[in-house]
Amino acid sequence: YLGWLRRQLVDAVMAVPASVRHATDIDTWRRLTLEHLTCAADLRLISIWHPSFLHLLLKYYPTKSDEMWPKLKLISCWSDGQSQLAATALSKQFPGVVIQPKGLIATEGIISIPFAGRWPIAIRSHFYEFLDDTGAIHPVQDVHDGQTYQVVLTTAGGLYRYQLRDLIRVDGYVGKTPSIRFVARCGNVSDRFGEKLAEAFVAKIIGTLPAQIGVRWSMAMLAFDQDRYTLFVEGDCPADISDQLESLLRANPHYGYCRDLGQLQQAGVYEVKGSANEKVIQRLTQLGQTLGDIKPTPLSQLDGWREWFDHQSA
């Protein structure tokens, strides 16, 4: 993102050197990272991807964050979609420190930036178009507040009308520039029997269900589980939550049809003991994903989460 010269300047003020990435396993990486961080008493800014990343790292260091980093002013991290629960927990862990939600950043380019309390499209960086649910394409100046779109990106680096598969919602303006927030990934659809559960649909359920039943979760993820869909959560699970989850899932007629045919059993809920995010990260790294590529998702395509969580809790 920064080019060679600016990258050298940034590397010169980093608390943790880039060489730490060559650690052969997570435990070694965690130890080396903490060794460098504990020496950085003048740390002012922390930039991470998923907010649980920092929480999990500090589990292995007993010193309070305000004692370790008295000059810390800001933590930049994801806070949209599935990251919102963990970002809220992080703000409680770091009272007095500003938790700044990142803009939408992809490997292909920067889409939006935090500015003036919103996340305006980075109109000086690339050329952007937005695809609505009818298939129509809109330039930046023609998107509307409250509407959702897919991002289409053209860059000076050679990408031409590249579809990011990110679904965003316009949430206002900075001057005349639209501000956008990430909603979900497009194309992540679980379809074992024709139920066609899409990530955006599941994300909406997970966003509304805790408020309906009066609980808080640190993590929530829906996945196919043997003969049904199970919502894996870290937090309280009232006795009747399965019925409410089932009712919300049936708002998708394809899911309801599969249930009526008996192809799927009623949805269930599984309360994960311990840190659910850490256990998810452990499984995904074992499957070959790097830490920086692991993104929270409300809908997992992987089977076997119940067995994995049971094994990790044993």
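Scroll up to find the structure.
To keep things clear, this report deals only with the structure shown in the data block. Note that the structure is a prediction, hence the values are computed from the model and not measured.

**Let's talk about the pairing of strand β10 (residues 177-185)**
Inference 1: Of all nine residues that make up β10, seven are buried, and the element is covered over most of its length.
Inference 2: Connecting strand β9 (residues 162-174) to the antiparallel partner β10 that follows it, the hairpin turn spans two residues, and glycine 175 within it adopts a positive phi of roughly 65°.

**Re helix α8 (residues 253-261)**
Inference 1: Within α8, the full set of buried residues consists of Tyr255, Gly256, Cys258 and Arg259. Down the axis of α8, the sector holding all buried residues measures 160°, keeping them to one side. What points out from α8, more than 90 degrees from its buried face, is the exposed set Pro253, Tyr257, Asp260 and Leu261.
Inference 2: In this fold, the buried residues of α8 make contact with β12 (197-198), β14 (228-235) and α7 (241-249).
Inference 3: The opening residue of α8 is asparagine 252, an N-cap whose side-chain oxygen sits 2.9 Å from the backbone nitrogen of histidine 254.
Inference 4: Positive phi appears at glycine 262, one or two residues downstream of α8, with a value of about 85°.

**Some details on the pairing of β14**
Inference 1: Where burial is concerned, most of β14 is hidden: six out of the eight residues are buried.
Inference 2: Of the strand pairs in this sheet, strand β13 (residues 217-225) and β14 are connected by eight bridges, and their pairing is antiparallel. Of the residues in β14, the one forming a bridge with leucine 222 is leucine 231.
Inference 3: Counting the residues in the hairpin turn of β13 and β14 gives two residues, including glutamine 226, whose phi is positive at 65°.
Inference 4: With four bridges connecting them, β14 and strand β15 (residues 268-271) associate as parallel partners. In the strand pairing of β15, leucine 231 is matched with valine 269.

**Some words on the packing of helix α9 (residues 276-286) against helix α10 (residues 305-313)**
Inference 1: Between α9 and α10, whose axes approach to 11 Å, the crossing angle comes to 110°. Judged by the angle between their axes, α9 and α10 are roughly perpendicular. Handedness of the α9/α10 crossing: right-handed. Within the contact between the two elements, α9 uses Ala276, Lys279, Val280, Gln282, Arg283 and Gln286 and α10 uses Trp305, Trp308, Phe309, Gln312 and Ser313.
Inference 2: Of the residues assigned to the contact of α9 with α10, the class counts are five nonpolar, four polar and two charged.

Criteria and thresholds
- Residues numbered from 1 in each chain as written.
- Predicted model: local features only at pLDDT ≥ 70, side-chain atom pairs only at ≥ 80, totals over all residues.
- Heavy atoms only, no water.
- Buried < 20%, exposed > 50% of the residue type's maximum accessible area, 1.4 Å probe, protein only.
- Helix = DSSP H or I, 4+ residues; strand = E, 2+ residues; numbered from the N terminus.
- Pairing = 2+ DSSP bridges.
- Arc of directions from axis to C-beta.
- Contact = heavy atoms within 4.5 Å.
- Polar contact = N/O pair within 3.5 Å; in protein donor to acceptor, adjacent residues only side chain to side chain.
- Axes fitted to C-alpha atoms, helices over the stretch in contact; angles between N-to-C directions.
- Parallel < 35°, antiparallel > 145°, perpendicular 65-115°, else oblique.
- Left-handed = near helix turned anticlockwise from the far one by under 90°.
- Nonpolar A, V, L, I, M, F, W, Y, C, P; charged D, E, K, R; others polar.

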